[in-house]
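Structural description and commentary
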Amino acid sequence: MKVIVTGASKGIGKGIATVLAREGYTVGLVARSPDMLMAVQKTIESAGGRCVHAVCDLRDPEAAHQAMEHLISRMGGIDALINNAGLVIRKDVFTLTLDEWRALVDTNISGLFYATRTVLPRMKAQNRGHIINISSISGRVPLAGGSAYAATKYAVTGFSESLLLEVRQYGIKVTTVYPGSVDSGPPRPGSAEDHSWKVQPAEIGSACLNILKTSANTLISALEIRPLQPPGKK
Ligand SMILES: NC(=O)c1ccc[n+]([C@@H]2O[C@H](COP(=O)([O-])OP(=O)(O)OC[C@H]3O[C@@H](n4cnc5c(N)ncnc54)[C@H](OP(=O)(O)O)[C@@H]3O)[C@@H](O)[C@H]2O)c1
């Protein structure tokens, strides 16, 4: 199986790519940071996995198209695209700048759309494929102090759930994943905050693995994944 994972230079995307590669999937990584992508690729390859990467700012539609085509050609095809790349800015409407609003919309909505529209014609032609879109719990329920972020994630939810209705007739599966709090970032320098109660990126990877492993005529269309314990509890 050949899978492209966007936003795979760190955090959840890195966790997904690492788990899938360990299970024998060929993974194509996408993000903007060349050094971090190369580091993830080296980690995967040193564990015996197959991996290629493309440096790309998904906010640029032409660059997104080129990156997808490049990876598909290097991998020799595509079975699944995991749209994970995203920007998380938790600010309320009084403090969010216009540049931050545009960055959120361009990354979380447009970037996901650009990647998806490149791979869909190929999946339609082969009558098989799977798009997994990483939304958020904030794409289902309101987020005080993060209204703009939530707006982009509600957009991902709307696009993803509607897309399924447009492409399922071509044998293409679409899954929307709704993670709660994930321990995706390195701790802030000097911070003693404990994040171990959160979902780990590799656990989102395992969830994606299960989503990809359903039988040909079955689909997990939505998956919500949260920490068992409330914030701060282990
Ligand atoms: N962390 C959570 O608690 C949580 C909860 C629910 C949902 N989510 C969602 O999960 C996804 C990943 O979140 P995360 O916490 O893992 O974030 P993260 O650690 O900040 O990682 C984001 C990834 O996206 C890439 N990226 C950002 N902008 C990009 C662009 N314009 N073009 C290409 N790649 C870009 C980043 O790489 P570069 O900077 O190298 O480009 C990085 O690889 C997001 O969609 C987020 O909304 C996260």
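As shown above, the structure is provided for reference.
Residues numbered from 1 in each chain as written. Predicted model: local features only at pLDDT ≥ 70, side-chain atom pairs only at ≥ 80, totals over all residues. Heavy atoms only, no water.

1. Considerations on the site of the ligand
Which entries qualify depends on this criterion: One heavy atom within 4 Å of a molecule or strand makes the whole residue count as near it. N or O atoms within 3.5 Å of each other form a polar contact, as long as, within protein, one can give a hydrogen and the other can take it, and as long as residues adjacent in sequence are counted only when both atoms are side-chain atoms. Accessible areas in this description were obtained via Shrake-Rupley with a 1.4 Å probe; residue shielding takes into account the shown protein chains only. Each helix is a run of H or I in the DSSP string that is no shorter than four residues. Each strand is a run of E no shorter than two, and both are numbered from the N terminus. Amino acids outside the nonpolar list (Ala, Val, Leu, Ile, Met, Phe, Trp, Tyr, Cys, Pro) and the charged list (Asp, Glu, Lys, Arg) are all regarded as polar, and Gly is one of them.
Inspection of the region around the ligand gives 28 residues, with Ser 9, Arg 32, Ser 33, Tyr 149 and Ser 184 positioned closest. Side-chain polar atom of Ser 33 to an oxygen atom of the ligand: 2.5 Å apart, as the coordinates give it. Protein chains shield 90% of the accessible area of the ligand, which is 880 Å² for the free molecule. Elements represented by at least two residues in the shell around the ligand include exactly α1 (11-22) and α5 (147-167). Looking at the shell around the ligand, its residues break down into 11 nonpolar, 12 polar and five charged.

2. Description of the pattern of salt bridges
Note the following rule: We define a salt bridge as a side-chain nitrogen of Lys or Arg found within 4 Å of a carboxyl oxygen belonging to Asp or Glu. Buried, partly exposed and exposed residues are distinguished by accessible area as a fraction of the type maximum, computed with a 1.4 Å probe on protein chains only: under 20%, between the cut-offs, and over 50%, respectively.
According to the stated counting rule, one finds seven salt bridges in the structure shown. For Asp 99, the salt bridge is made with Arg 102, and the minimal N-O distance between the two is 3.3 Å. Placement of the pair is Asp 99 and Arg 102 together in helix α4 (residues 98-126), with a separation of three residues, close to one helical turn. Taking relative accessible area as the criterion, Asp 99 reaches 56% and is therefore assigned exposed. The class of Arg 102 is partly exposed, set by a relative accessible area of 43%. With its nearest N and O atoms 2.8 Å apart, the salt bridge here joins Arg 226 to Glu 224. Among the charged side chains, a salt-bridge network with shared partners connects Arg 140, Glu 224 and Arg 226.

3. Side note on unusual backbone geometry
The phi angle at Asn 127 is positive, at roughly 55°, despite the residue not being glycine. Among the secondary structure elements, Asn 127 is positioned in the loop between α4 and β5 (129-134).

4. Considering the sheet that holds strand β2 (residues 26-31)
Convention followed: In short, DSSP must find at least two bridges between two strands for them to pair. Axis lines are fitted through C-alpha atoms, for helices just across the contact stretch, and the angle between N-to-C directions can take any value from 0 to 180 degrees. What makes two residues a contact is simply this: any of their non-hydrogen atoms within 4.5 Å.
The strand order across the open sheet formed by seven strands is β3-β2-β1-β4-β5-β6-β7, and the pairing between neighbours is parallel. Two strands close off the open sheet at either side, each with one partner strand: β3 (50-55) and β7 (222-225). Neighbour-to-neighbour, the strand axes of this sheet turn through a mean angle of 15°, independent of strand direction. In the sheet, β5 pairs with strand β6 (residues 172-179) via six bridges, with the strands oriented parallel. Counted as the bridge partner of Ile 134 is Val 177 from β6. In this fold helix α2 (residues 34-46) packs onto β2 and β3, with an angle of close to 175° to the strand it touches most, β3.

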